[in-house]
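Reading the structure
What follows is each chain in one-letter form.
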Amino acid sequence: MPWINGIVKDMGKPHLAYWVIIAVLLAGACLTFVSKGLANDSGWNKVKTGLCLNTTQARCFFLKDRQPCNQERGSN
Amino acid sequence: MEKSMRTGWIVALAGTGINFALGVLYAWSVIKNGIPDSWGWTNADKALPYSVAAFCFALAMVPAGWLQDKIGPKKVATMGGILVGAGCMVAAFSGSSLLGFVIGFGVMAGMGIGFGYASATPPAVKWFPPEKTGLIAGIVVAGFGLASVYIAPLASVLLDAFQTSTIGASGTQIIEKGVSNTMLVFGISFLIVVVGLSQLLKNPPAGHVAPSTQTNTSATALKKNEMTWKQMISTGQFWIMWLMYFGAAGAGLMFISVAADLGKKSMGELAFIAVAVLAVGNASGRILAGSVSDKIGRQSTLFIVFIFQAIVVLLLSFAAAGASWGALWLPTLLLVILIGANYGANLSIFPALTKDYFGLKNFGLNYGLVFTSWGSRRPCHALDKRHR
C-alpha cells in the first residue's frame, strides 16, 4: 500500500494519498463486520456450499432466517 | 495449577526477551548511516540488506511456524538465534562487500528473526486460558516493538566506540565508523541471548487445560476448530483477515516513517524522543489491544483500531498540509504514540484471532501464512521507494 503515496505524489496531489489510506482503513473497519458474521459457524463455507450444490438453499440462506435453512441443508 | 501458571509466565517472558533481542532488525537504520563513503555504496545499496531481511523474516515465518508445530519451539528458536548470530558475524567479516551484508544480515539474520519470532508466541499462549490469549500474545510481541528504544542508541554508541581515524592521501583526516565490529558485537550478543532464552521455551504437556476464570467470554465463545493450513486457506475468514492485516500493517508502517519525519520537523535535535515514544506506543498498543480484545472481542477491538487509525491519518494529513499545531511538540508526540499504538495493536490481535478461528494445533504454520500479509507490503514498499 505505501506505493499509493508514490503514485499519488507523481500525480501531483500528495494530499490525496491520505484520503486513499483513510478509505482503505474504513474498508478494513467494514471488513470486521463481515469477519464477525463468519466467526462462529464458518458461514462462508455454508454460502459456498449453498452456491455450489443448491442455489435454492443458497437463496434461502440470504433471504430467510438462517437457522431453518441450515437445518434443511444438513439433511442433504 | 499455580506451578503451571508460573511456567507459563516464564515461557511468556522468555518469548518477550527473545523478541526484544530480535529487534536487531531496527539497528540497520543507524548502522547504514555509519557505512563509510569509501565502501562506495549508493543509498539503494544501503537499504538493500534491511529490505532483504524484512522480506526473509516474513517468508521464514511459514516454514518456521510449521517446524515449530512439529518439533517444538525450543529447537526452532535456537535455530533462529544461531542464524541471527551467524548472520551478523558473516556481515561483520564481509568487509565492504554488499553481497556479504545481503547474505549475512539480509538472508541469514532475517530468516533467524522469523524463526525466533514464530516460536515465541505459540508456546506462551498454550499455557494460558483463552480469555488471556490477547494479553499474552501482546506481551510476547511487545518485546519486538520496544526493541528500537535500546537498539538504535546502542548501535550508535558501538559505531562511535569502534570508529577509526586515518590520514588520507591529501593529508586530511578520514573518520570511519566501526560498522564491522558493531555487527560482530551484535552477532555474538544476540547468539548468546536468543539461544539462552530459547531453552526456556516449552509447550505444556499433552492434555494440559489452562485454568479458566470465565466460562463464556467473547474470546472463549468460539467453537473449537483445529484446522490445517489447507482447511484454513479455503475459508473466507482467512482471506478477510489477510486483507485486513495487509491494509492495517501497510498503513501503519507507512505512517511510522511519516511520524519520524514529523518528529524531526517539530523537535529538531530531540527527534530521537519521537522515535522512543513511537516504540513505547508500539509496544503498549500490542499489550493494550490484546488485553482489550480478550474482554470485548477481537472484531470489536479491530473495528476500533481501524477507525482510530483513520482518524489519526486524517490528523496527520492536516499536520502535513501545514496546520500550525503540526510544528508543536506535544500534539506531535501524541500523534506519534497513537500511530505506534495502532500499528502495534494489529500484531497482537491477529495472532489471537488466528488462534481463535483456526486453533492451536497448527497455530505456528497458520499464523505464518496470515503473517505473509505483513511481508507482502515489502515489494510495495520497494515500489514506493522507486516512486520517491
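Quantities reported herein were computed from a predicted structural model and do not represent experimental measurements.

Criteria and thresholds
Residues numbered from 1 in each chain as written. Chains lettered and ligands numbered in written order. Predicted model: local features only at pLDDT ≥ 70, side-chain atom pairs only at ≥ 80, totals over all residues. Domains from an automatic or database assignment. Contact = placed C-beta atoms within 7 Å. Helix = DSSP H or I, 4+ residues; strand = E, 2+ residues; numbered from the N terminus. Expected span 1.5 Å × (residues − 1). Axes fitted to C-alpha atoms, helices over the stretch in contact; angles between N-to-C directions. Left-handed = near helix turned anticlockwise from the far one by under 90°. Nonpolar A, V, L, I, M, F, W, Y, C, P; charged D, E, K, R; others polar. Parallel < 35°, antiparallel > 145°, perpendicular 65-115°, else oblique. Pairing = 2+ DSSP bridges. Core = buried A, V, L, I, M, F, W, Y, C linked by C-beta atoms within 7 Å. Buried ≥ 20, exposed ≤ 12 C-beta atoms within 10 Å, placed from the backbone.

All names here are of chain B. Along its sequence, chain B is carved into domain 1 (1-205) and domain 2 (224-388). Between domain 1 and domain 2, the residue contacts involve 32 residues of the former and 34 residues of the latter. Looking at the side of domain 1 that touches domain 2, the elements with two or more residues in it are α3 (43-71), α5 (98-126) and α6 (133-161). Broken down by element, the residue count for the side of domain 1 that touches domain 2 peaks at 13 residues, all from α6.

The next subject is the environment of Thr121 of chain B. Residues and elements named next belong to chain B. Among the secondary structure elements, Thr121 is positioned in helix α5. Separated by 23 residues in sequence, Thr121 and Phe144 place their C-alpha atoms 12 Å apart. Those residues within four positions of Thr121 in sequence are excluded, and the remaining contacts are Gly15, Ala137, Val140, Val141 and Pro351.

The next thing to look at is α3 of chain B. With 29 residues, α3 of chain B extends 41 Å from end C-alpha to end C-alpha; this agrees with the ideal 42 Å at 1.5 Å per step. Once α3 of chain B finishes, Gly72 of chain B follows within two positions and takes phi at roughly 95°, a positive value.

Residues and elements named next belong to chain B. Look at α3 against α5: their axes get within 6 Å of each other, and the N-to-C directions meet at 35°. The two elements α3 and α5 cross, and the hand of that crossing is right-handed. Among the residues forming the contact of α3 with α5, the class breakdown is 25 nonpolar, six polar and one charged.

Before going further, it helps to examine the packing of helix α4 (residues 73-92) of chain B against α5 of chain B. Each pair of packed helices can be described by the angle between their axes along with the distance between the axes. Residue and element names in this part refer to chain B. Their axes nearest at 7 Å, the elements α4 and α5 cross at an angle of 160°. In terms of their interaxial angle, α4 and α5 are classed as roughly antiparallel. Crossing angle aside, the handedness with which α4 passes α5 is left-handed. Of the residues that constitute the contact of α4 with α5, the class distribution is 22 nonpolar, eight polar and no charged.

All names here are of chain B. Of the pairings in the sheet, the one linking strand β1 (residues 164-167) to strand β2 (residues 173-176) comprises four bridges and is antiparallel in character. The partner of Ser165 across the bridge, within β2, is Ile175. In sequence, β1 turns back onto β2 through a hairpin of five residues, with Gly171 there showing a positive phi of about 85°.

Most often, soluble globular proteins keep nonpolar side chains buried together rather than apart. Counting 137 residues, the largest nonpolar core has Leu22, Val24, Ala27 and Val84 of chain B as its most contacted members. Setting aside residues no more than four positions away along its own chain, Ala27 of chain B makes contact with Ile151, Ala152, Ala155 and Phe186 of chain B.

Quick look at the environment of Ala310 of chain B now. Secondary-structure assignment places Ala310 of chain B in helix α11 (residues 298-320). Residues Ala310 of chain B and Ser38 of chain B, 272 residues apart in the sequence, show an inter-C-alpha distance of 44 Å. Those residues in contact with Ala310 of chain B, other than ones at most four positions away along the chain, are Ile22, Leu25 and Leu26 of chain A.

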